[in-house]
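Reading the structure
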Amino acid sequence: MEVKKTFNLKPSQLAPSFDTDEIDQLMSMDIDTNVNFIGQQRAQQALEFGLDMEMTGYNLFVMGEPATGRHTLIDNHLQQVAKLKPTPHEWCYVNNFDDNRAPVYIRLAHGESKKLVEQVEQFIDELLDTFPAAFDIPSYQRQKRDIEREFNNKYENALERVEAKALEHDVVLYEEKGSISFAPVVNGKPINDSEFAQLSEEQRQTFYELIADLEVYLNESLLELPQWKREASEKQRKLSKETIESALRPMLKDLEHRYASELGIVKFFREMRETLIELILELLADEPDDEKKEEIDVSKVFEDQLIPNILHVHGNNEGAPIVYEPNPTFQNIFGRIEYSSVQGSVYTGYRMIRAGALHRANGGYLLVEADKLMQQPAVWESLKLALKSHQVKMESLSGEANIVNASSLNPQPIPLDIKVILMGSRELYYLMQEYDNEFNELFRVLADFEHYIPVNHKALYGFVHKVKQYAEAHQLNIAASALQELLIFSFRQASHQHKLSARFADVLELISESQFYAKKAGAETIERSHVLQSLKGKQYRTGQISESFLEDIQEGQILIDTSGYKVGKLNGLTVLEIGDTVFGTPARISATVYAGSNGIVDIEREVELGKAIHSKGVMLLNGYLGNKYAQDFSLCFSANIALEQSYGHIDGDSASLGEVCALISAITHIPLNQSIAITGSINQHGQVQSIGGVNEKIEGFYKLCQARGLTGEQGVIIPKTNCINLVLNHEVIAAVAEGKFHIYAVEQVDDAVSILTGKPAGELSSRGRYPRDTVNCIASERLRHIADLVNGEDGE
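Residues numbered from 1 in each chain as written. Predicted model: local features only at pLDDT ≥ 70, side-chain atom pairs only at ≥ 80, totals over all residues. Heavy atoms only, no water.

1. Notes on the overall build of the protein chain
Selection criterion: Strands here mean DSSP runs of E at least two residues long; helices mean DSSP runs of H or I at least four residues long; both are numbered from the N terminus. What the globule rule says is 2.2 Å times the number of residues to the power 0.38, and the radius of gyration is computed from C-alpha atoms. Here, residues are in contact when the closest pair of their heavy atoms is within 4.5 Å.
When helices and strands are tallied, the protein chain shows 30 helices and 30 strands. Whereas a compact globule of 796 residues would reach a radius of gyration of roughly 28 Å, the protein chain reaches 48 Å, over 25% beyond that. Judged by the C-alpha coordinates and their principal axes, the protein chain covers about 165 × 75 × 50 Å. Sequence-distant contacts, at least 24 apart, represent 77% of the contacts inside the protein chain between residues at least 6 apart.

Okay, here's the thing in structure tokens:
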């Protein structure tokens, strides 16, 4: 018992301690709305540097796990920085009248794009009011009649010459419905077909020849008729164009004067002149085709050709835009070109170009989840190209635009001025650094969010005020005792007595669940009991697997002893993590030793259930035993070690302390206390090293002992270096305070051996021997005896 007292931990050492008066004082303060995050000074400085650095390539990679406050911290800094920057320009795509498949952009000042669209719409309305009314002016009608008269005179003069020649040969010329024919004249009177048939053969033949000659003469006379028509049409078209130009000139001049300082807009208005004339000639001429006009929506045709396509309009808030893209597909990042079906053909135009996140964030900041970005084909390579070239090129993914009868667009790339902030995991950051040579050139700033926050007054101040902010936003009341329990929960999440977990979102989740139990109890304030009830409720909801393990042990399906002494057997502790459920459970470690030269055989490794780190821990046992006991003889023995009733893969070296104790017990035949479980790793010199999941392991063994009945002898041996990680639940701490359960912290293998055997381990004297009847002395003698047996057999 005296040996155990040396290593026994006090209840005050099993959980973090903090000044409750300080918490009460912080709770009594007014809410500080300026608190936006807790800790993370390193990441904060990196963000300040990266966001203020204007040079190329200083984009940011924010490294950290979700729920660590990274998004809140980034958004807070971006809001402060963005409001100091000017609101960026707005971008429009307009028709390229030289090549409709290559739209061009226009850059406009903030708020001017909508005004431009309104001006163009008003211009279209004026066009529809002006035409075809502009063709009704007297000068146009007079010139039009002159053109028609000139054509008619030429035509009629040609017919008069033909008619005169026909009358000379007793033939008359008829013109009816645009067709010309000849008829013979007999006795001064034209004859019809029946009368012509009564003529003699000679007369008929004579008239046939005359009419044939006249038709040849007619054709020769009207040989220039197509040219006359063409000349008339050209004169008519020229007249219409001059009329249209004279009507358009003041309208376009007014628009050009209004935007005289914007060269891109002035160029757009000047280049649209020819297209406007052609459209008006086709759709708004003085004599349009009525059927065609009914089929075509004239107003829509002009809109599709003239109205600018605004990619994005910035809000009224001043400053640079901040855009978070939750689904970074290619189209969501770079924009898309839509298509519509027209009479069986797929059609698109510049007004069907849609902006992506890069367009919306141009001149500001774009936040993207790196993990999601990497899952999308072609997005990462295209994003790098955009950042290097400083322009957004809109294009279709391979195969996307391969549509039968589809027209495609190649819009002019838009200049890009943006800072991209990628948020991703630590593993992804180092992976991208290793495999992408361009990554470091484009993302020079790393903002590393820590998993844990050191506890100090500033951290506590931030924690309390963040809780109060959340409570006020959701109309909740939280007692000081409940907040202290929330602090303990955060300590437990971090598994550290001097650090809080950076996953503050888990704390907020616990507050919401505690409010459920408070409301159910009819309480207006969340008390400590409600927080404990919430934790217990979640543990029950997710605890089916852990309870199944406990039931199997209780029923004897899994062999675990919690009382008595056994040789070569003891209770190790394991941690199982399944989804968001983490729990500890005991596992029996057994060892056997016999004469032979096989050394220590790790059964788990032999059957390929033990992974590398576990196998390393077992292999270290040879080094420890040889260094400890075999300085003057050859270490030669055979031993088997196994975690019994383990049917899955095992990893980690936290069982190595238990394995060496079981091995020493098997060597010495000294039984071990089965009421004490053990966890810890060792090195070759027998020093006990830290392990993970210490709280879950202790609580897992405590539950088993509690179910079987606490005897006051049960407990757990842990590495002393893990004392700082102890954040045990109130039930275990209370049992330790009452002396019903014990936790021992050890630094050396000898310390654990002394506790488990109840015998002194024994220290090596200056003569190189261990005191008689100590564990180490018995182990040394036993190993020497086995070596002599093996060597003797070899000699024979």
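2. Quick notes on the environment of Glu427
Cut-off, in case you're wondering: Note on exposure labels: buried denotes an accessible area under 20% of the residue type's maximum, exposed denotes more than 50%, and partly exposed covers the range between, all computed with a 1.4 Å probe on protein chains only.
Examined against the element boundaries, Glu427 turns out to sit in helix 17 (residues 426-435). Given a relative accessible area of 56%, Glu427 falls into the exposed group. For Glu427 and Asp653, which are 226 residues apart along the polypeptide, the C-alpha to C-alpha distance reads 23 Å.

3. Some details on helix 6 (residues 138-168)
Note the following rule: Between the first and last residue of a helix there are one fewer steps than residues, each counted as 1.5 Å, and that sum is the expected span.
Under the 1.5 Å per step criterion, the end-to-end length of helix 6 is 44 Å for 31 residues, consistent within 8% with the ideal 45 Å. Residues Tyr140, Lys144, Ile147, Phe151, Tyr155, Ala158, Leu159, Val162 and Ala166 constitute the buried set of helix 6. At the exit of helix 6 stands Asp170, carrying a positive phi of roughly 55°.

4. Quick notes on the sheet that holds strand 17 (residues 445-448)
Adjacent strands of a sheet form backbone hydrogen bonds with each other and so pair up, either parallel or antiparallel. Stated formally: Pairs of strands are assigned from DSSP output, requiring at least two bridges between the strands. Angles here are taken between N-to-C directions and fall from 0 to 180 degrees, while the axes themselves are lines fitted to C-alpha atoms, restricted in helices to the stretch in contact.
Spatially, the five strands line up as an open sheet ordered 8-13-16-1-17, and their pairing is parallel. The open sheet terminates on both sides in strands that have one partner only, identified here as strand 8 (322-325) and strand 17. The sheet shows a mean angle of 20° between the axes of neighbouring strands, taken without regard to direction. Relative to strand 16 (residues 419-424), strand 1 (residues 60-63) runs parallel, the two being bridged by four bridges. From the neighbouring strand, Leu60 faces strand 16, where its bridge partner is Ile421. Strands in contact with helix 3 (residues 41-52) are strand 1, strand 13 (365-369), strand 16 and strand 17; relative to strand 17, the strand with the most contacts, it is inclined by about 155°.

Distances and angles like these do not, on their own, reveal function.
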